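One-letter residues, chain by chain:
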Amino acid sequence: MSSALTSRPQPESRSTFKVFRRIDTRWMDNDVYGHVNNVVYYSWFDTAVNAHLIEQGALDIHHGETIGLVIETQCNYFAPLAFPQTIEAGIRVAKLGSSSVRYEIGLFAQGEDLCAARGHFVHVYVDKENRRPVKALPLKLKTVLETLV
């Protein structure tokens, strides 16, 4: 067997994540198979992380000079989620660079200890005008991100 098959991703406990955000499923999230469609999970990743940053005053999507562009994303699915469940998205930062951040997100059915899905995405923070990576993350953003490491 290849090592890729023997090291299959496993669900993680909610204790491995730093903060949580509640997400209500919608009727339209379900697909014809009766569970949330895989593309919705990526939307939840974005929603959980960006809402947290906005609420913490670390991201100004309308007037800020720095924006995050997604350069990589991935998700593993362990158990189905479906409308009308409430989802709890756990967030942590796995890697904090000078202009990039790797966010890891666990999606949990409300009250469950193990995640139903786990994934990540990488933001490269760039100047809003020229789209070039910033030399250093803005101080407020870096401060908030450090609490998630």
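All values derive from a computational prediction rather than experimental measurement.

Here is what the cut-offs are and how they apply
- Residues numbered from 1 in each chain as written.
- Predicted model: local features only at pLDDT ≥ 70, side-chain atom pairs only at ≥ 80, totals over all residues.
- Heavy atoms only, no water.
- Core = buried A, V, L, I, M, F, W, Y, C linked by side-chain atoms within 4.5 Å.
- Buried < 20%, exposed > 50% of the residue type's maximum accessible area, 1.4 Å probe, protein only.
- Helix = DSSP H or I, 4+ residues; strand = E, 2+ residues; numbered from the N terminus.
- Contact = heavy atoms within 4.5 Å.
- Pairing = 2+ DSSP bridges.
- Axes fitted to C-alpha atoms, helices over the stretch in contact; angles between N-to-C directions.
- Lys, Arg positive; Asp, Glu negative; His and termini not counted.
- Salt bridge = Lys/Arg side-chain N within 4 Å of Asp/Glu carboxyl O.
- Arc of directions from axis to C-beta.
- Phe/Tyr/Trp six-rings, centres within 6.5 Å; stacked < 30°, edge-to-face > 60°.
- Lys NZ or Arg CZ within 6 Å of the ring centre and 35° of its normal.

Caption draft 1: Representation of the nonpolar core in the model. Judged by nonpolar contacts, the single largest core of 32 residues is most densely connected at Leu53, Leu81, Tyr103, Leu107 and Leu145. Those elements that place two or more of their residues in this core are helix 2 (38–55), strand 3 (86–96), strand 4 (100–109), strand 5 (117–127) and helix 3 (139–146). Counting residues per element, this core draws most heavily on helix 2, which supplies seven residues.

Caption draft 2: Structural detail: the environment of Ala48. Within the secondary structure, Ala48 sits in helix 2. Classification of Ala48 as buried rests on a relative accessible area of 0%. Each C-alpha atom, one on Ala48 and one on Gly111, is 17 Å from the other, the two residues being 63 residues apart in sequence. Excluding residues within four positions of it along the chain, Ala48 makes contact with Arg21, Ile23, Ala89 and Ile91.

Caption draft 3: View of the sheet that holds strand 2 (residues 66–77). Pairing in this open sheet of five strands is antiparallel, and the strands run 1-3-4-5-2 from one edge to the other. Each edge of the open sheet is held by one strand with a lone partner, namely strand 1 (19–24) and strand 2. Here the average twist between neighbouring strands, direction ignored, is 25°. Both strand 1 and strand 3 contribute to a ladder of six bridges, which runs antiparallel. Looking at strand 3, one finds that Arg22 is bridged to Glu88. Across the face of the sheet, helix 3 comes into contact with strand 3, strand 4 and strand 5 while running at roughly 110° to strand 3.

Caption draft 4: Local environment of the side chain of Asp31. Relative to the elements of secondary structure, Asp31 occurs in the loop between strand 1 and helix 2. Among buried Asp, Glu, Lys and Arg side chains, Asp31 stands out as unpaired, with Arg26 the closest opposite charge at 13 Å. Setting aside chain neighbours within four positions, we find Asp31 in contact with Val36 and Asn37.

Caption draft 5: How the structure looks around helix 3. Inspection of helix 3 places Leu141, Val144 and Leu145 among the buried residues, and these make up the whole buried set. Mapping the buried residues of helix 3 onto a view down its axis gives an arc of 100°, with all of them on the same face.

Caption draft 6: Spotlight on the packing of aromatic side chains. This structure, assessed with the given rule, holds seven aromatic pairs. Centroid distance Tyr41 to Tyr77: 4.9 Å. Interplanar angle 85°. Geometry classified as edge-to-face. Note that Tyr41 is positioned in helix 2 and Tyr77 in strand 2, a separation of 36 residues in sequence. Look at Tyr41 and you get buried, because its relative accessible area is 3%. In textbook terms, an aromatic cluster arises when at least three aromatic residues are bridged by ring pairs, as seen for Phe17, Phe20 and Phe108. Geometry around Phe108 places Arg14 over its ring, the cationic atom sitting 4.8 Å from the centre. Above the ring of Phe17, the side-chain terminus of Arg92 is found at 4.2 Å from the ring centroid.

Caption draft 7: View of unusual backbone geometry. A cis geometry characterises the amide bond from Phe83 onward to Pro84, with omega recorded as 15°. Within the secondary structure, Pro84 is located in the loop between strand 2 and strand 3. Phi at Arg131 is positive, roughly 60°, even though this residue is not glycine. Locating Arg131 in the fold gives a position in the loop between strand 5 and helix 3.

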